[in-house]
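# Observations on the model geometry
So you can see what is in the structure, the chains are spelled out below.
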Amino acid sequence: MSSNNDKLIELTGSVKRITFHNPTNGWSVLRLSVKGSLDEVTVTGSFGAITPGENVALSGYWINDTTYGFQFKVITYQISRPATLVGIEKYLGSGLIKGVGPVTARRIVQKFGLETLDIIEDDPERLTEIHGISSFRLTRIKNAWVEQKEIRNIMTFLTSHSISSHYAVKIFKQYGQDTIKTIETNPYQLARDIYGIGFKSADKIALNLGLARDSEARLRAGITHVLYEATEDGHCFLPQEELLERATTALEIASEGLFIPLITAMTEVKELYKVAVPAIPQAIYVAPLFLAERATAMRLLNFNHPLAIDMNRVNKWLTRFCEKEKFALSDEQKESIVKVASNGVSVITGGPGCGKTTTVKALVKLLQAMGRKVQLASPTGRAAQRLGEVTGCEAKTIHRMLEFDPTTFSFKHNAENPLNGDVFIIDEASMIDILLANSLLKAIPSDAQICFVGDADQLPSVGPGQFLQDIIESSVVAVAHLTQVFRQASESNIISYAHEINQARMPKFARPGSEISDCYLVEETEPEKINALVVKVVTQSIPRKFQIHPQRIQVLAPMKRGSLGTNNLNIMLQEAINPANDDKIEIKWGITTYRVGDRVIQQVNNYQLEVFNGDIGHIKGIDLENRQLEVSFNDRAVTYDFSDMHELSLAYAISVHRSQGSEYAAVVMPVHFQHWNLLNRSIIYTGLTRAKKLAILIGQPGAIKKAIKQNSAERYTNLAETLRVGKSGVGVGKLW
């Protein structure tokens, strides 16, 4: 490849099409129609916002790429409105304006010719002269035209600060006409308000706007950023020493001494809290997490009291229930039911095959027989659906039970407007983070009972804290441990292997062809061959040998990145399961192509759309004209604007963490030393126990053995100790 940077060349033309555009960094490949040339020119470079049909004036140089041939590499560019009929039609029909697709664009240009854009700008009412444009549609077009002008200003502003134009629409929806003013006043607000824009991007804008590297505003924002970034690893706080170390690295500030007085100042105004916890004399919290952790402990202690029950009647009822249902409860299960019924707050925990489901079913029936109104909930839609099927009662997700109000951006049910119920049974409680736990407990009536159900050995929540594990560890709350593996469950290798793994023992995995099993290990060391095996097993082997359709098979991986990460696996699986064809509409979004029929997962809570982190659905439609995408979640249709598509990801392969609370007919899980940093016992245990009928691990036995011997990373939380101190009555005044 050769280049000549000494003298930039000027090139002008009209954008015929955008072959590739990465919204993350703006890098694009364009095909340009150049006056005087019969052949289109390939142009590469970073473009903040560009649309087919627009005229461009480019400065750059020619290169001869060994693979793609001659290309024009852009250094600077200017965009102007299209000036030809073909250009205007292509511009309007590109999807830039909601309500105007290729057909409508052609009609408008045929009617108004070269005056089209001036008419839309100055006299848009004339668009009603076009067949198919009603007054309602006209209003949409006018609003979209105004929005696009403002969004283009934002795009220009963002790209001048090296921020992807991909976020322009999202930012405009957040701040409206005050967008640029808001960003210039406090660029760090972007990192807090806009999903996908991190602190580094906001910091780049701040520095470009002239903020000093050691300014108080920057250092304060950096401290807060580091503490919130730590929540992504599950931490509720950081020791001050670690906070200082991370902050100096993130902000590239040499002296830790600049931060210490600011931490003190931020604690004085309650932005931060500094407390002593066991073995950590200076634990630094952001205010919301400190208050949530303490309030959660206080509310649990308020619920934590014994309740009087008639043991004789309970035992007689359980005997009759078992006779009627034609199954037997073990002594352990009966004791668990009694423990829950006789305590204000309690936990039922146990591994797979230990009878949690049966215990909960009997518990619900007993409580109803006692005249109690029972409410059932779980963190995820799939878990709630399964809980409802087992008990025969309605079960909701926690978010839907609490009812989010988008106008106040808070839950409708809280201490002032509590939920209606006598007993609340919350399944898959290991998934609950400290913030959700606080919101939930706040909304439960003070005279109600609560029972948390879950497997404490699974991965902790994606969010901060380890709520279920901390409750159990505190020894303050009544905990019923189910340990007996029932005969039918013990015949499953999935369950028997899971219990061995939980005891840090490497199972003797069945190999394909050696014996009939519901869990196999396929040995392979080369990542490329593992990928090929994953695709083959999902699309051919399992459907043929076990009659399980690929749509009921879930690939789980410990991490997103790398050749064996979910990102790469999704591309390969999509091509095999849902390949492109002329009948399927698709859209390129960054490096990912989405098409009708694709399995997708929601990556962040979106309360307005009522879809939550981890929800899995299928793309049912893509509307290129209105720039919308329709996804079905459990038969519930949700419409996304294209500007919200970064909240979605392909879900043929997902991380083990995101699989929590779900069950799949079959699970396929690659395990390799490439996943070194994330290999631990909980990853293998959680991934394996997501499978109902079949689990296949593909990879290196040594990597699995390493994971099984490795405990999960410790999280900085203090809920367990707060519960213990609160129960003892020592220092309660200091705690609350």
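Residues numbered from 1 in each chain as written. Predicted model: local features only at pLDDT ≥ 70, side-chain atom pairs only at ≥ 80, totals over all residues. Heavy atoms only, no water.

### Thoughts on the nonpolar core
With 72 residues, the main nonpolar core has Ile223, Tyr285, Ile426, Ile432 and Phe452 as its most contacted residues. Tallying contributions element by element places helix α12 (residues 287-303) first for this core, with seven residues. If you count residues domain by domain, this core takes at least three from each of domain 2 (193-293) and domain 3 (304-488). (Core = buried A, V, L, I, M, F, W, Y, C linked by side-chain atoms within 4.5 Å. Buried < 20%, exposed > 50% of the residue type's maximum accessible area, 1.4 Å probe, protein only. Helix = DSSP H or I, 4+ residues; strand = E, 2+ residues; numbered from the N terminus. Domains from an automatic or database assignment.)

### Considerations on the domain arrangement of the protein
Looking at the assigned domains, one finds that the protein contains domain 1 (9-161), domain 2 (193-293), domain 3 (304-488) and domain 4 (492-699). One C-alpha centre belongs to domain 2, the other to domain 3; they are set 36 Å apart. Taken together, the contact pairs nine residues of domain 2 with seven residues of domain 3. Carbon and sulfur atoms supply 70% of the area buried between domain 2 and domain 3, which totals about 540 Å² over both sides. Summed over the three residues of domain 2 that lose the most area to domain 3, namely Gly234, Leu289 and Ala292, the buried surface amounts to 57% of that side. Summed over the shared surface of domain 2 and domain 3, the result is zero salt bridges. On inspection of domain 2 and its partner domain 3, the count reaches one residue pair in polar contact (both at pLDDT 80 or more). Per-element accounting of the side of domain 2 that touches domain 3 gives the leading share, four residues, to α12. (Contact = heavy atoms within 4.5 Å. Buried area = accessible area lost by both parts, 1.4 Å probe. Salt bridge = Lys/Arg side-chain N within 4 Å of Asp/Glu carboxyl O. Polar contact = N/O pair within 3.5 Å; in protein donor to acceptor, adjacent residues only side chain to side chain.)

### Quick word on the sheet that holds strand β11 (residues 395-397)
Overall, parallel pairing links the six strands, which are arranged β11-β10-β14-β15-β9-β16 in an open sheet. Of all the strands in the sheet, just β11 and β16 (478-482) have a single pairing partner and so form its edges. Here the strands of the sheet are splayed against their neighbours by 20° on average, with no regard to which way each runs. Of the strand pairs in this sheet, strand β9 (residues 345-350) and β16 are connected by five bridges, and their pairing is parallel. What sits directly across from Thr349, in β16, is His481. (Pairing = 2+ DSSP bridges. Axes fitted to C-alpha atoms, helices over the stretch in contact; angles between N-to-C directions.)

### Description of the packing of aromatic side chains
Scanning the model with the defined rule gives 16 aromatic pairs in all. Seen in terms of ring centroids, Phe321 and Phe327 are 5.7 Å apart; in terms of plane orientation they differ by 80°. Their pairing is edge-to-face. Ring pairs connect the aromatic residues Phe237, Tyr273, Tyr285, Phe290 and Tyr716, which therefore count as one cluster. Positioned above the aromatic ring of Trp676, the side-chain terminus of Lys706 is 4.2 Å from the ring centre. (Phe/Tyr/Trp six-rings, centres within 6.5 Å; stacked < 30°, edge-to-face > 60°. Lys NZ or Arg CZ within 6 Å of the ring centre and 35° of its normal.)

### Looking at the packing of helix α8 (residues 199-208) against helix α9 (residues 216-231)
Between α8 and α9, the shortest axis-to-axis distance is 11 Å and the interhelical angle comes to 175°. Compared by their axis directions, α8 and α9 come out roughly antiparallel. Residues Phe199, Asp203 and Leu207 of α8 lie in contact with α9, whose contacting residues are Arg218, Ala221, Gly222 and His225. Classifying every residue of the contact of α8 with α9 by side-chain character gives three nonpolar, two polar and two charged. (Parallel < 35°, antiparallel > 145°, perpendicular 65-115°, else oblique. Nonpolar A, V, L, I, M, F, W, Y, C, P; charged D, E, K, R; others polar.)

### Overview of the packing of helix α13 (residues 311-325) against helix α15 (residues 356-369)
Put simply, α13 and α15 touch, their axes get as near as 11 Å, and they point 125° apart. Relative to α15, α13 is oriented oblique. In the packing of α13 onto α15, the handedness of the crossing is right-handed. Contacts between α13 and α15 pair Val314, Trp317, Phe321 and Glu325 from the former with Lys361, Ala362, Lys365, Leu366 and Ala369 from the latter. Its residues assigned to classes, the contact of α13 with α15 shows six nonpolar, no polar and three charged. (Left-handed = near helix turned anticlockwise from the far one by under 90°.)

### Thoughts on the pattern of salt bridges
Tallying each qualifying case throughout the model produces 19 salt bridges. For the salt bridge of Lys111 with Glu129, the shortest nitrogen-to-oxygen distance reads 3.6 Å. Linking Lys111 in helix α2 (residues 102-112) with Glu129 in the loop between α3 (116-122) and α4 (135-160), this pair joins segments that are 18 residues apart in sequence. By relative accessible area, Lys111 is classed as partly exposed at 47%. Judged by relative accessible area, Glu129 falls into the partly exposed class, the value being 41%. Close ionic contact of Glu129 with Arg126 constitutes a salt bridge, the shortest N to O distance being 3.1 Å. Linked by salt bridges that have partners in common, Arg17, Arg31 and Glu40 make up one network.

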